[in-house]
Amino acid sequence: MGTERNEHGATQDGSTERGATQDGAAQGSIRLPGASQSFLGIVIPVEGEYARKVSQTRAATGDPFAYIPPHITLMSGVPLTDPAEAIAHVRNVVSAFSSFPIRFAGTDTFYPVSPVTYLRVVEGERELTELHERLHAGPLDSKPAFPFVPHLTLAQEIAPERLAEVRREWEDVSFNMAAHSVTVHVGDGAGAWTQIEELVFNG
């Protein structure tokens, strides 16, 4: 998950990411945290040189969620009532997609609704939005609190003036990546998220 409080879309990322782990699981198994209620989160990892720079920027600003690896959130905080059915749905959705290019360029902010500055997605938005909508259907049918805006967080939960500085610092940055997979996470509602598997797009 990410760290934003709204996906400018549903409770996207947030303090619930605290204590995240990366425990992978075999595709045929589902290991869930020991909690009465679990929640599902799905993200596309962002890796490479610029991902490292994003992490460095977040750490330098004092962002309390700087330890979270850069990513694009597709789903966060959706209640998991039937894990087997939900994961089967996610696998089915992901298998219908092929790898696609994503381009980041320019910055924007969710402030004052949420103290988040981010890199804009200028290519790949159609595919990301379709993924988001298909995932939020069937056994995971849910309506996010805000419209979905795919993005890469640059800073969060810091002073407004520092958010503005980060936005200016990154305004002219642009880079490309290919989306090859999603990672699936389960949260225990108490702040811990566990990665249960990675699903690769079909080609």
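Above this text you will find the structure in question.
Residues numbered from 1 in each chain as written. Predicted model: local features only at pLDDT ≥ 70, side-chain atom pairs only at ≥ 80, totals over all residues. Heavy atoms only, no water.

1. Thoughts on the overall build of the protein
Regarding its fold elements, the protein presents four helices and eight strands. Secondary structure elements in the protein, listed N-terminal to C-terminal, are β-α-β-α-β-β-α-β-α-β-β-β. Each of the 203 residues in the protein was classed as buried or not, and the buried ones make up 49%. When contacts within the protein are restricted to residue pairs at least 6 apart in sequence, long-range pairs at least 24 apart make up 78% of them. Only carbon and sulfur atoms are counted for the fraction: they give 49% of the accessible area of the protein, which is about 8900 Å². (Helix = DSSP H or I, 4+ residues; strand = E, 2+ residues; numbered from the N terminus. Buried < 20%, exposed > 50% of the residue type's maximum accessible area, 1.4 Å probe, protein only. Contact = heavy atoms within 4.5 Å. Areas by Shrake-Rupley, 256 points an atom, 1.4 Å probe, with all protein chains shown as cover.)

2. Brief notes about the nonpolar core
One finds Leu 40, Ile 44 and Phe 104 to be the most contacted residues of the largest nonpolar core, which totals 44 residues. Ignoring anything within four residues of it in the chain, the contact list for Phe 104 reads Val 46, Ile 72, Leu 119, Arg 120, Val 121, Val 122, Leu 152, Val 173, Ser 174, Phe 175 and Met 177. (Core = buried A, V, L, I, M, F, W, Y, C linked by side-chain atoms within 4.5 Å.)

3. Let's talk about the environment of His 151
Looking at where His 151 falls in the secondary structure, it is placed in strand β5 (residues 151-156). Using a relative accessible area of 2% as the deciding quantity, one classes His 151 as buried. Through-space distance from the C-alpha of His 151 to that of Arg 120 is 5.3 Å; in sequence the pair is 31 residues apart. Within the local environment of His 151, its side chain forms a polar contact with the backbone oxygen of Val 149, the two atoms lying 2.6 Å apart. (Polar contact = N/O pair within 3.5 Å; in protein donor to acceptor, adjacent residues only side chain to side chain.)

4. Describing the pattern of salt bridges
Tallied over the full model, the rule gives nine salt bridges. Taking the shortest distance from any N to any O, the salt bridge between Arg 167 and Asp 108 comes out at 3.6 Å. Note that Arg 167 is positioned in helix α4 (residues 160-170) and Asp 108 in strand β3 (residues 100-109), a separation of 59 residues in sequence. For Arg 167, a relative accessible area of 30% gives the class partly exposed. On the basis of relative accessible area, Asp 108 is assigned to the partly exposed category, the value being 27%. Linked through salt bridges whose partners overlap, the residues forming this network are Arg 126, Glu 127, Glu 130 and Arg 134. (Salt bridge = Lys/Arg side-chain N within 4 Å of Asp/Glu carboxyl O.)

5. Looking at the environment of Val 94
Considering the arrangement of structural elements, one finds Val 94 in helix α2 (residues 83-95). With relative accessibility at 2%, the residue Val 94 sits in the buried group. Residues Val 94 and Val 182, 88 residues apart in the sequence, show an inter-C-alpha distance of 7.9 Å. Look past the residues within four positions of Val 94 in its chain and what remains in contact with it is Val 182, Leu 199, Val 200, Phe 201 and Asn 202.

6. Digging into the packing of α2 against helix α3 (residues 125-135)
At a minimum axis separation of 10 Å, α2 and α3 run at an interaxial angle of 155 degrees. Classified by the angle their axes make, α2 and α3 are roughly antiparallel. Read as a crossing pair, α2 and α3 show a hand that is right-handed. Residues His 89, Val 90 and Val 93 of α2 touch α3, and the partners they reach there are Leu 131, Arg 134 and Leu 135. Classifying every residue of the contact of α2 with α3 by side-chain character gives four nonpolar, one polar and one charged. (Axes fitted to C-alpha atoms, helices over the stretch in contact; angles between N-to-C directions. Parallel < 35°, antiparallel > 145°, perpendicular 65-115°, else oblique. Left-handed = near helix turned anticlockwise from the far one by under 90°. Nonpolar A, V, L, I, M, F, W, Y, C, P; charged D, E, K, R; others polar.)

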